Each structure stands twice: as C-alpha cells, then as structure tokens.
Amino acid sequence: MEKKRIGVLISGGGTNLQALIDACEKDEINGEIAVVLSNKEDAFGLERARRAGIRAEYVKWLGMAPEEYDEKLAAILKDEGVQLVVLAGWLRVLTRHFIEHFNNRIINIHPSLIPSFCGKGYYGEKVHQAVLKAGVKVTGATIHMVDEGTDTGPILFQEAVGVLPEDTVETLQKRVLEVEHRLLVKAVADFCERQEI
C-alpha cells in the first residue's frame, strides 16, 4: 500500500513531531512526513524536521487576516500532496476555510481528557496548571478530529493519567506527554491504514 503523505503543524519544541518521525522511520506508520510548518520562527520542531531531511518552513504571519494565512498554509500542504494534517502543538485556531480544504483529515492532540480542561485558553502548560488548581485526581491525553470549534471534534483516542499529590506542572506534563506520543502515533498509524484517504 502506498504511503500516505502527512503534514505537521507545530508551534514549539516538536516532541510529538519527533515521535511521529521516529515511528515513520521504523515503519510503524504507513506514511511519510512531507512537510512541517510552524507559525513560530524559533520553534525547535523545525530543526527536528530538518535533521530528519523533511521540508520545514516558518510561515510568517505578516499581519494577514486569519483566512489569508490559512490559505497560505493550505497551499503549501496541497503543493506537497498532503493527505493528513496533524496538529502537534499548533497554537492557533484554524479557520473554516482551512478545515474545508482538509475536511475529516485533520487530527489534533490535547493534553487533557476532553471535555475537561479544553477549549479557548487551554493549551500547553495552562492545561496542567488548571488540572492541579482544580485538584482532580485524573487527567490524560486526547486525540481528536478537528472541526470548526476549539477541541470539539470527534474523539479518536483517550488515555487517563493519574495526578499525584506531589505533582508539579513539569512532572505532570512529562507523564502526559509520554501518553501523547504513544496515542498520536497510534492515531496517525490507524488513519494511514484507511484505504479511502
């Protein structure tokens, strides 16, 4: 079966991206990462991609309207023949225009058990801060399809992570991230096995 072409959008360090790069290299995913795009020039994930021989680009905002920016992203992804878009620490809400280009072919990872600690304002360390502040005993990670809402698309995979009494944002984030890596690889592998993409 022909390998699916994957585009990854990042805004930071790219540890989830690295999990995907490693899985593709080990043939755990029937896909190849065609391009990595970032809205942050200093995102270390761009360097991770370049080291793996993957096209990596910072897409400058330049005060564009959100729709115009998303059209620019979509054009690059389409130019690379991308069939699946993975949001791996992408810290911008995509417009309807972008989603229409890749309808039912965009997945996102979120560091909590949706519907808890998600939606507008919940990203990165802010999620773990909110979890600790709330005093809940369980958090986790969620992989979901992307729709026009924020963290509202259909859930593909979830896994719980216990919150320990001594947890800090850093220790909790580290344990959740391990689950994120595993679930993301599983979700992308599952998606790439589908014939109809």
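Residues numbered from 1 in each chain as written. Predicted model: local features only at pLDDT ≥ 70, side-chain atom pairs only at ≥ 80, totals over all residues. Heavy atoms only, no water.

1. Remarks on the nonpolar core
Right, on to step 1. Counting 43 residues, the largest nonpolar core has V8, I29, V86 and V188 as the members making the most contacts within it.
Right, on to step 2. The leading source of residues in this core is helix α6 (residues 169-192), at 11 residues.
Right, on to step 3. Counting 21 residues, the second-largest nonpolar core is a separate cluster that includes A34, V35, V82 and W90. (Core = buried A, V, L, I, M, F, W, Y, C linked by side-chain atoms within 4.5 Å. Buried < 20%, exposed > 50% of the residue type's maximum accessible area, 1.4 Å probe, protein only. Helix = DSSP H or I, 4+ residues; strand = E, 2+ residues; numbered from the N terminus.)

2. Things to note about helix α5 (residues 125-134)
Right, on to step 1. What α5 keeps buried is the set V127, H128, A130 and V131. Looking straight down α5, one finds its buried side chains confined to an arc of 160°; they lie on one side.
Right, on to step 2. Considering only its buried residues, α5 is in contact with β5 (106-110), β6 (138-145) and α6.
Right, on to step 3. A positive backbone phi angle near 75° is found at G135, which sits one or two residues after α5. (Arc of directions from axis to C-beta. Contact = heavy atoms within 4.5 Å.)

3. Side note on the sheet that holds strand β1 (residues 4-10)
Right, on to step 1. Reading across the sheet, the seven strands line up as β3-β2-β1-β4-β5-β6-β7 and stay open at both edges, with mixed pairing between neighbours. Each edge of the open sheet carries a strand with a single partner, namely β3 (55-58) and β7 (155-162). On average, adjacent strands in this sheet sit at an angle of 20° to one another, irrespective of strand direction.
Right, on to step 2. The strands touched by helix α2 (residues 44-51) are β1, β2 (31-38) and β3; relative to β3, the strand with the most contacts, the crossing angle is about 160°.
Right, on to step 3. Contacts from α6 reach β1, β2, β4 (84-87), β5, β6 and β7, with the element oriented near 160° to β7. (Pairing = 2+ DSSP bridges. Axes fitted to C-alpha atoms, helices over the stretch in contact; angles between N-to-C directions.)

4. Observations concerning the packing of helix α1 (residues 15-25) against α6
Right, on to step 1. As a packed pair, α1 and α6 sit with axes 9 Å apart at the nearest point and diverge in direction by 45°. Between α1 and α6, the angle falls in the class oblique. For the pair α1 and α6, the crossing hand works out as right-handed. Contacts from T15, N16, A19, L20 and A23 in α1 reach L177, E180, H181, L184, V185 and V188 in α6.
Right, on to step 2. Looking at the contact of α1 with α6, its residues break down into seven nonpolar, three polar and one charged. (Parallel < 35°, antiparallel > 145°, perpendicular 65-115°, else oblique. Left-handed = near helix turned anticlockwise from the far one by under 90°. Nonpolar A, V, L, I, M, F, W, Y, C, P; charged D, E, K, R; others polar.)

5. Quick look at the packing of aromatic side chains
Right, on to step 1. Overall, the coordinates contain three aromatic pairs when judged by the stated rule.
Right, on to step 2. The interplanar angle of 40° and the centroid separation of 5.3 Å between the aromatic rings of F98 and F102 together place this pair among those described as tilted. Like F98, the residue F102 is buried in the burial classification. (Phe/Tyr/Trp six-rings, centres within 6.5 Å; stacked < 30°, edge-to-face > 60°.)

6. Here we look at the pattern of salt bridges
Right, on to step 1. Inspection of the entire model under this criterion finds 12 salt bridges.
Right, on to step 2. Between E80 and R5 there is a salt bridge, and its shortest N-O distance comes to 2.9 Å. Of this pair, E80 sits in the loop between α3 (66-79) and β4 while R5 sits in strand β1, and the two are 75 residues apart along the sequence.
Right, on to step 3. The buried category is assigned to E80, whose relative accessible area is 18%.
Right, on to step 4. Between D167 and R175 there is a salt bridge; the shortest N-O distance is 2.8 Å. (Salt bridge = Lys/Arg side-chain N within 4 Å of Asp/Glu carboxyl O.)

7. Regarding the environment of D22
Right, on to step 1. Looking at the secondary structure, you find D22 in helix α1.
Right, on to step 2. With 138 residues separating them along the chain, D22 and A160 place their C-alpha atoms 24 Å apart.

8. Regarding α3
Right, on to step 1. Given a rise of 1.5 Å per residue, 14 residues ought to cover 20 Å, and the 20 Å separating the end C-alpha atoms of α3 matches this to within 8%.
Right, on to step 2. By the burial criterion, the buried members of α3 are Y69, D70, L73, A74, I76 and L77. All buried residues of α3 fall inside an arc of 160° around its axis, so they share one side.
Right, on to step 3. On its buried face, α3 is in contact with β1, β2, β3, β4 and α4 (96-101).
Right, on to step 4. Looking at the residues trailing α3, positive phi occurs at G81, about 65°. (Expected span 1.5 Å × (residues − 1).)

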